[in-house]
Amino acid sequence: MIVAAGVREETRARYPDEDGYVERDGVRVYYEVYGDAPTTFLLFPTSPISHSRLWKAQIPDLSRHFRVLTFDPRGNGRSDRPGSPEAYSYWEYVADGRAVLEATGTEEALLAGLCDGGGWALALAATHPAAALGVFAIAPLVPRLTPPHPNYLLYPPDVPLDTDEGWAKCNVHYWRRDYRGFLEFFFAQQLPEPHSTKQIEDCVRWGLDGGAESLVLADQEAPSPWASEEDARALCSRVRCPVLVVHGDLDACQTRERATAVAELTRGRLVALEGAGHLPQARHPVQVNGLLREFGESVAPPVPKVRTWTRALNRRRRALYVSSPIGLGHARRDVAIAKELRKLHPDLEIDWLAQHPVTAVLEAEGERIHPASALLANESAHIESESAEHDLHAFQAIRRMDEILVANFMVFFDVVREEPYDLWIGDEAWEVDYYLHENPELKSSAYVWLTDFVGWLPMEDGGERESFVTTDYNAEMIEHIARFPRIRDRAVFVGNPDDVVPDSFGAELPGIRDWTEQHYDFAGYVTGFEPVADREKLRHELGYGPGEQVCIVTVGGSGVGAHLLRRVVAALPEARRHVPALRMIVVAGPRIDPASLPQHDGLEVRAYVHDLYRHLAACDLAIVQGGLTTAMELTANRRPFLYFPLRHHFEQNFHVRHRLQRYGAGRCMDFETDGPSEIAAAIAEEIGREVDYRPVETDGAARAAKLIAELL
Amino acid sequence: MAVELTAPPPEQTRALYPDESGYVERDGVELHWEVYGSGEPTVFLLPTWSIIHSRHWKMQIPYLARHCRVLTFDGRGNGRSDRPETGYEEQEFAADAITVMDATATERAVLVSLSLGAQRALLLAGEHSERIDGAVFICPAVPLGEPLPERTRYSWEEELDTDEGWAKYNRWYWLRDYPGFLEFFFSQMFTEAHSTKPIEDCVGWGLETTPETLVATQNGILDEGHIRELCRQASCPILVIQGTGDAITGSGRGVALAEETGGELVLLEGSGHGPHVRDPVHVNLLLREFLASLPRRPA
């Protein structure tokens, strides 16, 4: 298995409110503080094989209910990497945890830890009972309490071996020779659940942040904390606070016997996860988050508040609409569908769980935005941060959003747990769809899934690895639907069967078209507006003269498009030679400074254009990126246009392009090869051309609403 | 639509029969108690106004008994307990409850009460706090908050020239047309649509006692000052479950009790005065959740 190297830290769903260092004996340990709830959770790190990011799927949710402290272990993350084995002893980590509590003015806390961290949490609770409200230990490592996992007895860890096969990699000589090789092997063992590529990549990257020497010192050379099984048992027996032990039966690091022993000796409770490995907090985050919250609230009950439950027949009919913010286009189609839905069910109340920029459209339409929307982690900022010059690796950007997705699922789940809805509608609400299939017992309402594309597709230059990973993602989705057909009560494809790409989901997987036809209903395309009836009148209203040849250049609301704007502007002089009446209007959008673009005769640069879709309907030519919404608006209004799919954007390069070809719409351009001359020539050929596009249906919203309304 | 019951029907098949039952005597009054299930804690389902008896907990007992020990008894004046001519003061019900706890070796318990049962529950939680680990009040009848205006309009004591509506809550009417009163009262208890069966059940249980007995129960209610004092004394965790459509006491009573005790309040939108009967699944889950939230006592 090849693990792609990630350099930059992914966008977090939640950044710390405070951070700092504690120093003991010259060793600096980095900590972070999240939230200000009255009860604190201290999340211990584990050995320097990882660092505090291992809790990334917990922090955003947990910090909405508790104050959360994390710290990096000495030997990894932003903490120091001291050079002596003594500095890595078990008790040093315990003392670091205590120092973080003191430095943050925390008298007592719920202590949580994984593997080594679970052991350290128990040791802190045993030796400083006043500091421990409870211990939540995932696969706790308590040395000598029980025999180690048999995997660790296969080979000696410190003797040079004549093999690197399997667990022989768990050897200091191999670590020093090929630490990445060890990490890839080790975490593949610890994440044995199928479809764990992202979690494995994360763990490998965090391991590489520390390096082999830290692990050698901490894991092999540091002094033992105690001498015997009796000492280990005595330590556990001293723990007086409530204890919850979580253990996956496929754990390849810590045994069930050890987890059971910890639970028994501490008079704690054991939660057994079946089919789970050593890192359930990463692979089963919704389950672990629920356990953490439940445990925390059992020890420190929240202040009681008034709750209301409404008798079933007294309830108003209500739907929760979750609209993806990636690509503004969904907002208008979702509003259109909601309006049609209200025609069929006039008593229906719709709440929206959405974020900017979708909320801007919803507010303008007078829709009710659920207040919990403010708790959502920002997806569009992440997508923007993942983009480069006319380049957005959309698949990787969504993969690298896993922390944000689980954080936002937890917000969704908190909302629907408190308020019963009759229907959940998710328009490309990836977090809702994915985690409902991963946690099917949480579904408590009818649920409709909407999308305008099916299938993750690899880019050619992504090589074998990208092909492997997209196939794996498709396979998981197909298995989800096959195993839990009851989750999606309706799956609505925004388009027609012919819009589905003819590709395969990947090796040994079905064809996308066949599978989609079997598993989806088709609503036709939903533009969210009525096509313009009288274009001449509209042109007049917008101030476009009869002799003018108007070309609108727009790249959406993000900063990704600045390079395309510059190149199109550079084509203007030559284009004007071909088309003397050319009037070019460049819409810079909120993220691009209009002053940063050069001036030319016949060029107008505007920061913002109200009702842009009306200008697009009136123009003689548009130049756009490869996003579906704008391209389909132009198609519906039968305008000629040039479109430049973003590089590495599989949806724009494959799915959208396929659909536009079916409509016979637009001229696909290539940002790699098409310079100002090619653009000028294309402008001249296309501008004002009569098009013969396949007509775009105008009843898509009504058809989608009808499919949804049957569930109410 | 009249219920048309004139005599109590035979008891229906129960979902669960008691593991133990018996009688205990206090001051010459025999009290019938039942124990279901075993383990910790004991949930003590208290009697309410003697217009009905312990069978009104029938939707709770089988479920709760799978998770803990359940203790019930028939309040004096109905069910299998005696119907003395006098002695229906709240203090008597509280003393009966303690006697039943002693007779069943129940050192401590979590109380669940309905309506008037709130008064004896407060006496127990306030004056025997060492034996009470928690208390749930369903639609409590306590003189806190605002009463329903229609219930202050007519005298209970004096003979009236009308039988309309709450004018039926009158001793003369009770003695004249007891089934008529029962049907009226329980139609007010269950304001939810489609409540024929709960109303029939309650009318049947009401027919097991006499209007004379109910008249005798009208003297022993605690006053507001005493209730507030008990609220201050009660130190255990408290949950109040209150229907917003409660036509017997109004929802203000429960809201006020939650405020006065600092307890948790769950409002049931659209529910009447007997949500444990009419929405038993939700109330059962609330009870279980409350039990799970109680601090575990050291073994």
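Owing to the predicted nature of the structure, the values given are computational and were not obtained by experimental measurement.

### Looking at the overall build of chain B
- Helix and strand counts for chain B come out as eleven helices and eight strands.
- Expected size for 299 residues packed as a compact globule is a radius of gyration near 19 Å; at 18 Å, chain B falls within 12% of this value.
- Dimensions along the principal axes, computed over C-alpha positions, put chain B at roughly 60 × 40 × 40 Å.
- The proportion of buried residues among the 299 residues of chain B is 49%.

### Here's the deal with the overall build of chain A
- Looking only at helices and strands, one finds 26 helices and 24 strands in chain A.
- For chain A, the C-alpha radius of gyration of 28 Å lies close to 27 Å, the compact-globule estimate for 712 residues.
- The buried share among the 712 residues of chain A stands at 52%.
- Across chain A, the fraction of contacts at a sequence separation of at least 24, relative to all contacts at a separation of at least 6, is 73%.

### Quick look at the packing of helix α16 (residues 402-418) of chain A against helix α17 (residues 430-438) of chain A
Residue and element names in this part refer to chain A.
- Packing of α16 against α17 brings their axes to within 9 Å, and their N-to-C directions diverge by 80°. By the angle between their axes, α16 is roughly perpendicular relative to α17. Residue-level inspection shows L405, V406, N408, F409 and F412 of α16 in contact with α17, the latter providing W430, E431, V432, Y434 and Y435.
- Residue composition of the contact of α16 with α17, by class: eight nonpolar, one polar and one charged.

### Here we look at the nonpolar core
- Core analysis: the biggest nonpolar cluster contains 215 residues, and L111(A), L122(A), V135(A), V262(A) and C551(A) have the highest contact counts within it.
- Element by element, the count of residues in this core is highest for α16(A), at ten residues.
- Apart from residues no more than four positions distant in its own chain, V262(A) is found in contact with L122(A), A137(A), P140(A), V142(A), L145(A), C236(A) and V245(A).
- Counting 80 residues, the second-largest nonpolar core is a separate cluster that includes V70(B), L144(B), C231(B) and L257(B).

### Considerations on the pairing of strand β3 (residues 42-45) of chain B
Residue and element names in this part refer to chain B.
- Of the two faces of β3, the one holding T42 and F44 and the one holding V43 and L45 are both buried throughout.
- Bridging between β3 and strand β4 (residues 69-73) involves four bridges; their strand directions are parallel. For F44, the partnering residue across the bridge sits in β4 and is L71.

### Description of the sheet that holds strand β21 (residues 603-606) of chain A
Residue and element names in this part refer to chain A.
- Across the sheet, six strands lie side by side as β21-β20-β19-β22-β23-β24; this open sheet has parallel pairing. A single partner strand is all that each edge strand has here, and the edge strands are β21 and β24 (667-668).
- Examined bridge by bridge, strand β19 (residues 549-554) and strand β22 (residues 621-625) share three bridges and lie parallel to one another. Bridge pairing in β22 links I552 to A622.

### Side note on the packing of helix α5 (residues 178-189) of chain B against helix α6 (residues 196-206) of chain B
Residue and element names in this part refer to chain B.
- Remark: α5 packs on α6, axes separated minimally by 9 Å, with the N-to-C direction vectors making an angle of 140°. Taken together, α5 and α6 sit at an angle that is classed as oblique. Once α5 is placed against α6, the crossing between them reads as right-handed. Contacts between α5 and α6 involve L182, E183, F186, S187 and M189 on the former and, on the latter, I199, C202, V203 and G206.
- In terms of residue class, the contact of α5 with α6 is made up of six nonpolar, two polar and one charged.

### What about the sheet that holds strand β10 (residues 318-323) of chain A?
Residues and elements named next belong to chain A.
- Read across the open sheet, the seven strands follow the order β12-β11-β10-β15-β16-β17-β18; overall the sheet is parallel. The two strands at the open ends of the sheet, each matched to only one other strand, are β12 (368-369) and β18 (521-522).
- By the bridge criterion, two bridges tie strand β17 (residues 490-493) to β18 in an arrangement that is parallel. The partner of V492 across the bridge, within β18, is D521.
- Against the sheet, helix α26 (residues 700-709) contacts β15 (423-427), β16 (446-451), β17 and β18, and its axis sits at roughly 175° relative to β17.

### Concerning α16(A)
- Over its 17 residues, α16(A) extends 25 Å from the first C-alpha to the last, a length consistent with the 24 Å expected when each residue adds 1.5 Å.
- Of all 17 residues in α16(A), 13 are buried; the element is thus mostly enclosed.

### Observations regarding the interface of chain A and chain B
- With ten residues of chain A at the interface, the matching set in chain B holds 14 residues.
- Looking at chain direction, strand β9 (residues 307-310) of chain A and strand β8 (residues 264-269) of chain B are connected through four bridges and run parallel. In the sheet register, T310(A) faces β8(B), and the bridge partner there is E269(B).

### Description of the environment of S224(A)
Residue and element names in this part refer to chain A.
- Secondary-structure assignment places S224 in the loop between α7 (212-221) and α8 (229-237).
- Under the C-beta neighbour-count criterion, S224 is labelled exposed, with 11 such atoms within 10 Å.
- For the pair S224 and S89, spaced 135 residues apart in the sequence, the C-alpha separation amounts to 7.2 Å.

### A short note on the confidence of the model for chain B
- Residues of chain B with pLDDT of at least 70 account for 98%, and the chain-wide mean is 95.
- With pTM at 0.91, the complex prediction returns an ipTM value of 0.88.

### Comments concerning the pairing of β8(B)
- The buried fraction of β8(B) amounts to five of the six residues, a majority that puts the element mostly inside the structure.
- A crossover connection joins strand β7 (residues 238-243) of chain B to the parallel β8(B) through helix α9 (residues 252-261) of chain B; in handedness this β-α-β unit is right-handed.

### Some points on unusual backbone geometry
- Following H356(A), the chain continues to P357(A) via a peptide bond in cis, the omega torsion being 5°.
- Mapped onto the elements, P357(A) comes out in the loop between β11 (349-353) and α13 (358-364).
- Omega for the peptide link from E40(B) to P41(B) comes to -15°, which places this bond in the cis form.
- If you trace the backbone, P41(B) turns up in the loop between β2 (29-36) and β3.
- Backbone geometry at E508(A) places phi at a positive 65°, although glycine is not the residue there.
- Note that E508(A) resides in the loop between β17 and α19 (512-519).
- Positive phi outside glycine occurs at R638(A), with the angle close to 60°.
- Structurally, R638(A) is set in the loop between α23 (628-636) and β23 (641-644).
- Overall, the presence of 17 C-beta atoms within 10 Å leaves R638(A) in the partly exposed class.

### As for the environment of K443(A)
Residue and element names in this part refer to chain A.
- Examined against the element boundaries, K443 turns out to sit in the loop between α17 and β16.
- Residue classification places K443 among the partly exposed residues on the basis of 18 C-beta atoms within 10 Å.
- Between the C-alpha atom of K443 and that of R240, which follows or precedes it by 203 residues, the distance is 37 Å.
- Every residue in contact with K443, bar those within four places of it in the chain, is listed here: L436 and I487.

Reading the values: rules and limits
- Residues numbered from 1 in each chain as written.
- Chains lettered and ligands numbered in written order.
- Predicted model: local features only at pLDDT ≥ 70, side-chain atom pairs only at ≥ 80, totals over all residues.
- Helix = DSSP H or I, 4+ residues; strand = E, 2+ residues; numbered from the N terminus.
- Rg over C-alpha atoms; globule rule 2.2 N^0.38 Å.
- Buried ≥ 20, exposed ≤ 12 C-beta atoms within 10 Å, placed from the backbone.
- Contact = placed C-beta atoms within 7 Å.
- Axes fitted to C-alpha atoms, helices over the stretch in contact; angles between N-to-C directions.
- Parallel < 35°, antiparallel > 145°, perpendicular 65-115°, else oblique.
- Nonpolar A, V, L, I, M, F, W, Y, C, P; charged D, E, K, R; others polar.
- Core = buried A, V, L, I, M, F, W, Y, C linked by C-beta atoms within 7 Å.
- Pairing = 2+ DSSP bridges.
- Left-handed = near helix turned anticlockwise from the far one by under 90°.
- Expected span 1.5 Å × (residues − 1).
- pLDDT = per-residue confidence, 0-100.
- Right-handed = clockwise from strand over helix to strand, strands pointing away.

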